[in-house]
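Residue strings, one per chain:
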Amino acid sequence: LHSFPTRRSSDLFDLEDCHFTLFSQLKMDTEIGALAKYADLDKDIYTATIAEANKLATEVLHPVNGPGDRQGCTFEGDGVVKVPKEFHGAWDAMKEGGWIGPSADPELGGAGLPTTMSVVLQEMFSGAAFAFMMYAGLAGAAARVIAGYADPKYREKVAEKMFLGEWGGTMCLTEAGAGSSVGDNRAKATRTDTEGVYMIEGEKIFISGGDHDLVDNIMHLVLARTADAPNGTKGLSLFLVPKHRFDLETLAQGERNGAYVLGIEHKMGINGSATCTVGFGQDKECVGYLIG
């Protein structure tokens with residue numbers, strides 16, 4: 001009935017279908033290319049990017065998926081988590097290729113690609129090694145929030161560190177007594193004498209990438225409630241809580257903040273992703289910076 005071209009077993013991603021979707025259906029090279037922001041990008045650049053990404057996914061990411069799931073993550077105590085050993089080489093490859101923030105502004109360490117291309121790359125990479133990509137995906141997502149809404153005096157510098165893969169990121173929403181009912185969150189944020197600086201207390205569960213040894217520092221985005229805030233979701237605020245405190249001007253890393261992993265879980269198929277319970281301000285003061 002239909003004749004399909006023969007594909008090699010190593011062709012795990014359908015490049016032909018991808019090209020058809022992008023260029024024949026979405027007309028990305030002509031319609032998005034008409035925008036001044038992407039005027040320097042053309043079909044040749046897009047296809048070359050996809051080919052290089054496919055090579056990374058096939059030759060670097062896919063081979064670490066199985067071993068990473070079999071090894072899983074290791075909780076070392078004192079809030080330290082180690083990822084499968086093969087993940088380190090894959091992370092270095094992601095950093096060197098600029099794949100963590102492909103649609104981020106080049107001034108922030110990104111490649112400046114259209115979001116449409118970023119979605120293609122995420123699908124490709126996640127299909128190759130989903131547990132591994134949890135770290136990169138969260139770093140990029142948290143960096144976008146920080147770049148858009150955090151304090152102007154540090155947001156671009158911090159976001160760049162994250163898009164470059166030097167720092168990681170998390171999203172700390174869920175609590176034991178408030179799963180899908182986010183408005184029931186009980187984590188507290190207490191004002192200090194310094195504007196925008198708070199002390200964070202509470203515990204979060206199911207935190208992907210809550211700690212790992214791929215990066216020097218981790219930026220936790222934490223939902224917490226100030227003392228004068230109303231109940232429900234409208235009373236929640238978002239805070240940047242670093243694993244290690246840092247100088248807001250130079251980003252020089254300081255002492256360990258009071259954000260510690262209390263344990264890790266094992267989830268079928270993504271054992272290589274560190275799913276953590278994280279405690280804030282339990283045994284040590286935990287500094288958080290108000291985002292909004």
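Residues numbered from 1 in each chain as written. Predicted model: local features only at pLDDT ≥ 70, side-chain atom pairs only at ≥ 80, totals over all residues. Heavy atoms only, no water.

### Details of the side chain of Asn185
Then, in step 1: Among the structural elements, Asn185 can be located in the loop between β3 (167–172) and β4 (188–191).
Then, in step 2: Polar contacts involving the side chain of Asn185 include one to the main-chain carbonyl oxygen of Leu173, which spans 3.2 Å.
Then, in step 3: Beyond its immediate stretch of four places on either side in the chain, Asn185 contacts Leu173, Glu175, Ala178, Lys204, Leu223, Arg225 and Leu236. (Helix = DSSP H or I, 4+ residues; strand = E, 2+ residues; numbered from the N terminus. Polar contact = N/O pair within 3.5 Å; in protein donor to acceptor, adjacent residues only side chain to side chain. Contact = heavy atoms within 4.5 Å.)

### A look at the side chain of Ser208
Then, in step 1: With respect to the helices and strands, the residue Ser208 is situated in strand β5 (residues 197–208).
Then, in step 2: Ser208 gets classed as buried once you look at its relative accessible area, which sits at 16%.
Then, in step 3: Ignoring any residue separated from it by four or fewer positions in sequence, one finds Ser208 in contact with Met134, Leu138, Thr170, Ser273, Ala274 and Thr275. (Buried < 20%, exposed > 50% of the residue type's maximum accessible area, 1.4 Å probe, protein only.)

### Re the packing of aromatic side chains
Then, in step 1: Considering all chains together, one arrives at nine aromatic pairs under this definition.
Then, in step 2: Both rings, one in Phe87 and one in Tyr135, keep their centres 6.4 Å apart while their planes meet at 70°; by these two values the pair is edge-to-face. Taken together, the positions of Phe87 in helix α4 (residues 86–97) and Tyr135 in helix α6 (residues 130–149) put the pair 48 residues apart, joining distant regions of the chain. The exposure classification of Phe87 matches that of Tyr135, with both residues buried.
Then, in step 3: On the basis of an interplanar angle of 55° and a centroid distance of 6.3 Å, the ring pair of Phe246 and Tyr289 is categorised as tilted. (Phe/Tyr/Trp six-rings, centres within 6.5 Å; stacked < 30°, edge-to-face > 60°.)

### Notes on the nonpolar core
Then, in step 1: The biggest cluster of nonpolar side chains holds 59 residues, and the ones touching the most others in it are Leu61, Met94, Phe125, Phe132, Ile200 and Phe280.
Then, in step 2: Here the element with the most residues in this core is helix α3 (residues 43–71); it accounts for seven residues.
Then, in step 3: Apart from the residues lying within four places of it in its own chain, the contact partners of Phe125 are Ala53, Leu56, Ala57, Leu61, Met94, Trp99 and Met133.
Then, in step 4: One finds Ala143, Ala159, Leu221 and Leu248 within the second-largest nonpolar core, a separate group that totals 25 residues. (Core = buried A, V, L, I, M, F, W, Y, C linked by side-chain atoms within 4.5 Å.)

### Observations concerning the confidence of the model for the protein chain
Then, in step 1: Of all residues in the protein chain, 96% have pLDDT values of 70 or greater, and the mean over the chain is 93.
Then, in step 2: Contacts of residues 1–10 to residues separated by more than four positions or lying in other chains number five contacts, the stretch itself having pLDDT below 50. (pLDDT = per-residue confidence, 0-100.)

### What to know about a negative patch on the surface
Then, in step 1: Taken together, the side chains of Asp14, Glu16, Asp17 and Glu123 define an acidic patch exposed on the protein surface.
Then, in step 2: For Glu123, the position within the fold is in helix α5 (residues 115–128).
Then, in step 3: Looking at Glu123, the relative accessible area reads 54%, which means it is exposed. (Patch = residues over 30% accessible without salt bridge, like charges linked within 9 Å, V, L, I, M, F, W, Y side chains within 5 Å. Areas by Shrake-Rupley, 256 points an atom, 1.4 Å probe, with all protein chains shown as cover. Salt bridge = Lys/Arg side-chain N within 4 Å of Asp/Glu carboxyl O. Lys, Arg positive; Asp, Glu negative; His and termini not counted. Charge placed at Lys NZ, Arg CZ, Asp CG, Glu CD.)

### A few points about the packing of α4 against α6
Then, in step 1: Packing of α4 against α6 leaves a shortest axis separation of 11 Å and a crossing angle of 45°. With respect to their mutual orientation, α4 and α6 come out oblique. The handedness of the crossing between α4 and α6 comes out as right-handed. Contacts from Phe87, Ala90, Trp91 and Met94 in α4 reach Phe132, Met133, Tyr135 and Ala136 in α6.
Then, in step 2: Residues belonging to the contact of α4 with α6 are distributed by class as follows: eight nonpolar, no polar and no charged. (Axes fitted to C-alpha atoms, helices over the stretch in contact; angles between N-to-C directions. Parallel < 35°, antiparallel > 145°, perpendicular 65-115°, else oblique. Left-handed = near helix turned anticlockwise from the far one by under 90°. Nonpolar A, V, L, I, M, F, W, Y, C, P; charged D, E, K, R; others polar.)

### Considerations on the pattern of salt bridges
Then, in step 1: Inspection of the entire model under this criterion finds six salt bridges.
Then, in step 2: With a closest N to O distance of 3.8 Å, Glu255 and Lys284 form a salt bridge. Pair noted here: Glu255 is in strand β9 (residues 253–256) and Lys284 is in the loop between β11 (275–280) and β12 (287–290), with a separation of 29 residues, a long-range link.
Then, in step 3: By relative accessible area, Lys284 is classed as partly exposed at 30%.

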